[in-house]
Amino acid sequence: MGALPFDYLGVPIFRGTPRVHHLSRLVDSVIYKFSRWKGSTLSLAGRKCLINSVIAASLVHSMMVYHWPHSLLKKVDTAMRNFLWKGDIAKKSTS
């Protein structure tokens, strides 16, 4: 028998309710993907397509397994929003 925690299909398997430290690796991988993309060279439709097909699809699987903490959801939402509207996750809106 294996010991907990372990990964299965990219989702960490552990005992108990999910905490930030359990799922932060998934959030870090999403933010890393955003940092590798050149959003400034893509149109708004291209950035939206990337978010929907790659990011949202990869997170849906783990969100079906666990109820994510609000702080992690907010962090992912902010990164997605900044990438969509600014083309870069580091840029923040000025309004």
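The rules behind the values
Residues numbered from 1 in each chain as written. Predicted model: local features only at pLDDT ≥ 70, side-chain atom pairs only at ≥ 80, totals over all residues. Heavy atoms only, no water. Core = buried A, V, L, I, M, F, W, Y, C linked by side-chain atoms within 4.5 Å. Buried < 20%, exposed > 50% of the residue type's maximum accessible area, 1.4 Å probe, protein only. Helix = DSSP H or I, 4+ residues; strand = E, 2+ residues; numbered from the N terminus. Contact = heavy atoms within 4.5 Å. Salt bridge = Lys/Arg side-chain N within 4 Å of Asp/Glu carboxyl O. Axes fitted to C-alpha atoms, helices over the stretch in contact; angles between N-to-C directions. Parallel < 35°, antiparallel > 145°, perpendicular 65-115°, else oblique. Left-handed = near helix turned anticlockwise from the far one by under 90°.

**Details of the nonpolar core**
- Counting residues in hydrophobic clusters, the biggest one holds 17 residues, and the most contacted among them are Leu23, Phe34, Leu59, Tyr66 and Trp68.
- Those elements that place two or more of their residues in this core are α1 (20-36), α2 (44-65) and α3 (70-86).
- Discounting chain neighbours no more than four positions away, the residues touching leucine 59 are Val30, Trp68 and Val76.

**As for the pattern of salt bridges**
- Tallying each qualifying case throughout the model produces 1 salt bridge.
- In this structure, arginine 81 and aspartate 77 form a salt bridge, with 2.9 Å as the shortest nitrogen-oxygen distance. Here arginine 81 pairs with aspartate 77, and both are found in helix α3, just 4 residues apart, close to one helical turn.

**Looking at the packing of α2 against α3**
- At a minimum axis separation of 9 Å, α2 and α3 run at an interaxial angle of 165°. With respect to α3, the axis of α2 lies roughly antiparallel. Read as a crossing pair, α2 and α3 show a hand that is right-handed. Contacts between α2 and α3 pair Leu44, Arg47, Lys48, Leu50, Ile51, Ile55, Leu59 and Met63 from the former with Leu73, Val76, Met80, Phe83, Leu84 and Trp85 from the latter.

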